[in-house]
Amino acid sequence: MRTYVGDLWDEAFDPPTWRVIPTNLGWTKDEYNVMGRGVARQAAERNGGLASFYGKWCKMMAGQTTHDLICFANPSLILLPTKGLNRNTPHLSWQAPSDIRLLERAVQMMAFNMINRPRNLVALPLLGCGNGGLDPRDVVPILHRHLDQQYVLVLTEELNLG
């Protein structure tokens, strides 16, 4: 895995690069995923209908016995959950802290699913480290363990691990 200091939305990562968006697995009564902060919010603002599409997907997948965890969405987005589903109040799933075990399973699943796709770059932020509250010192080793040179960890100036 390589690193890049800048912004996930830099032109260097325009399609065919995939961008990874950290998310939660919940939905509102209107079947929207709450994408209200950080990279998820930016993705929703740039891609009209994304919150509705993903909320419906999360609700549909919640009843499955094998949950794929990651969702491939156009244009070239990978929605990767770092926060699990609050089954009693799905619309509040976004408020939970990120779950390091869920993040690792989702990263493994993403790496596995990308094997059969064109070897385009995959740009990702420090998953779960913003609103999710995870420590980058816990997340970066997971990313290095599962991701190869196809992946680019995008760090902001404030989070540059140097």
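Look above for the structure.
From a predicted model like this one, the values you see are computed outputs, not experimental measurements.

1. Considering the pairing of strand β2 (residues 18–24)
Here is step 1: Among the seven residues in β2, seven count as buried, and that is most of the element.
Here is step 2: Neither face of β2 is open: one carries W18, V20, P22 and N24, the other R19, I21 and T23, and all of them are buried.
Here is step 3: Note: β2 against strand β5 (residues 122–124), two bridges, orientation parallel. Each residue of the ladder has a partner; that of W18, found in β5, is V122.
Here is step 4: Looking at chain direction, β2 and strand β4 (residues 77–83) are connected through six bridges and run parallel. Bridging across to β4, T23 finds its partner in P81.

2. Examining the packing of helix α3 (residues 100–114) against helix α4 (residues 136–146)
A packed helix pair is summarised by two numbers, namely the angle formed by the two axes and the spacing between the axes.
Here is step 1: In the contact formed by α3 and α4, the axes pass within 10 Å of each other and the chain directions differ by 25 degrees. Here α4 runs roughly parallel to α3, going by the angle between their axes. At the point where α3 passes α4, the crossing takes the right-handed sense. Contact residues: α3 offers I100, L103, E104, V107, Q108 and A111, while α4 offers D138, V139, I142, L143, R145 and H146.

3. A look at the pattern of salt bridges
Two side chains of opposite charge can pair, provided their charged atoms sit close to one another.
Here is step 1: As enumerated under the stated definition, the model contains six salt bridges in all.
Here is step 2: One salt bridge connects E31 with K59, and the closest N-O pair in it is separated by 3.0 Å. Here the residue E31 occupies a position in the loop between β2 and α1 (38–46), and K59 occupies one in helix α2 (residues 50–62), the gap between them amounting to 28 residues.
Here is step 3: Ionic pairing is found between D99 and R101, a salt bridge with its closest N-O pair at 3.9 Å.
Here is step 4: When its relative accessible area of 26% is taken as the criterion, D99 is described as partly exposed.

4. Considerations on the packing of aromatic side chains
Here is step 1: Tallied over the full model, the rule gives three aromatic pairs.
Here is step 2: Both rings, one in W18 and one in F72, keep their centres 5.4 Å apart while their planes meet at 80 degrees; by these two values the pair is edge-to-face. Of this pair, W18 sits in strand β2 while F72 sits in strand β3 (residues 71–73), and the two are 54 residues apart along the sequence.
Here is step 3: You can call W18 buried: its relative accessible area is 11%.
Here is step 4: Relative to W57, the ring of Y54 has its centre 5.6 Å away and its plane inclined at 15 degrees; by these criteria the two rings are stacked. On the criterion of helical spacing, the pair formed by Y54 and W57 is a turn pair, its members being three residues apart in helix α2. In this structure, Y54 and W57 share a single accessibility class: buried.
Here is step 5: Lying across the ring of Y32, K56 places its NZ or CZ 6.0 Å from the centre.

Criteria and thresholds
Residues numbered from 1 in each chain as written. Predicted model: local features only at pLDDT ≥ 70, side-chain atom pairs only at ≥ 80, totals over all residues. Heavy atoms only, no water. Buried < 20%, exposed > 50% of the residue type's maximum accessible area, 1.4 Å probe, protein only. Helix = DSSP H or I, 4+ residues; strand = E, 2+ residues; numbered from the N terminus. Pairing = 2+ DSSP bridges. Axes fitted to C-alpha atoms, helices over the stretch in contact; angles between N-to-C directions. Parallel < 35°, antiparallel > 145°, perpendicular 65-115°, else oblique. Left-handed = near helix turned anticlockwise from the far one by under 90°. Contact = heavy atoms within 4.5 Å. Salt bridge = Lys/Arg side-chain N within 4 Å of Asp/Glu carboxyl O. Phe/Tyr/Trp six-rings, centres within 6.5 Å; stacked < 30°, edge-to-face > 60°. Lys NZ or Arg CZ within 6 Å of the ring centre and 35° of its normal.

On their own, these measurements won't tell you what the molecule is for.
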